[in-house]
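Reading the structure
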Amino acid sequence: AVVGLPHRIMGEEVGAVVQLKPGLQVAEADLIAHAARLLSPYKVPKSIELVDALPRSEAGKLNRAVFVAERDAG
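Residues numbered from 1 in each chain as written. Predicted model: local features only at pLDDT ≥ 70, side-chain atom pairs only at ≥ 80, totals over all residues. Heavy atoms only, no water.

Next up on the list: the overall build of the protein. A count of helices and strands for the protein gives 2 helices and 3 strands. Along the protein, helices (α) and strands (β) appear in the sequence β-β-α-β-α when read from the amino end. In terms of its C-alpha atoms, the protein occupies a principal-axis envelope of roughly 35 × 30 × 20 Å. Within the protein, the proportion of its 74 residues that are buried is 16%. Sequence-distant contacts, at least 24 apart, represent 46% of the contacts inside the protein between residues at least 6 apart. Split by element, the accessible area of the protein, about 5700 Å² in all, is 56% carbon and sulfur. Taking the 9 positively charged and 9 negatively charged side chains of the protein as two groups, their mean positions are separated by 9 Å. (Helix = DSSP H or I, 4+ residues; strand = E, 2+ residues; numbered from the N terminus. Buried < 20%, exposed > 50% of the residue type's maximum accessible area, 1.4 Å probe, protein only. Contact = heavy atoms within 4.5 Å. Areas by Shrake-Rupley, 256 points an atom, 1.4 Å probe, with all protein chains shown as cover. Lys, Arg positive; Asp, Glu negative; His and termini not counted. Charge placed at Lys NZ, Arg CZ, Asp CG, Glu CD.)

Structure below.
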């Protein structure tokens, strides 16, 4: 999931929250480098948070409100 992270000058910058498949491991820097090879520079996440499970609604859709609440609380 791509999320907006607070940025002092620009207002927001790109961040991502990633759920890996069970048994896989990867470093945040490796994911950012992979994204940099595929995306325009302004689309590359500045940081990536690895989570065990992405929050979902009862309908199975990503619950972005949880990301916003966590960002505002943190």
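The topology assignment puts A35 in helix α1 (residues 28–38). Assessed through its relative accessible area of 11%, A35 is described here as buried. When the C-alpha atoms of A35 and A1 are compared, they prove to be 13 Å apart, with 34 residues separating the residues in sequence. If sequence neighbours within four positions are ignored, A35 has contacts with V44 and P45.

Another point: the pairing of strand β2 (residues 11–19). In this structure, strand β1 (residues 2–7) lies alongside β2, joined through 6 bridges in antiparallel fashion. Residue pairing across strands places V2 opposite A16, the latter belonging to β2. Between the end of β1 and the start of β2, which pair antiparallel, lie 3 residues. Both β2 and strand β3 (residues 47–51) contribute to a ladder of 5 bridges, which runs parallel. Considered in β3, the bridge of V17 is made with E49. (Pairing = 2+ DSSP bridges.)

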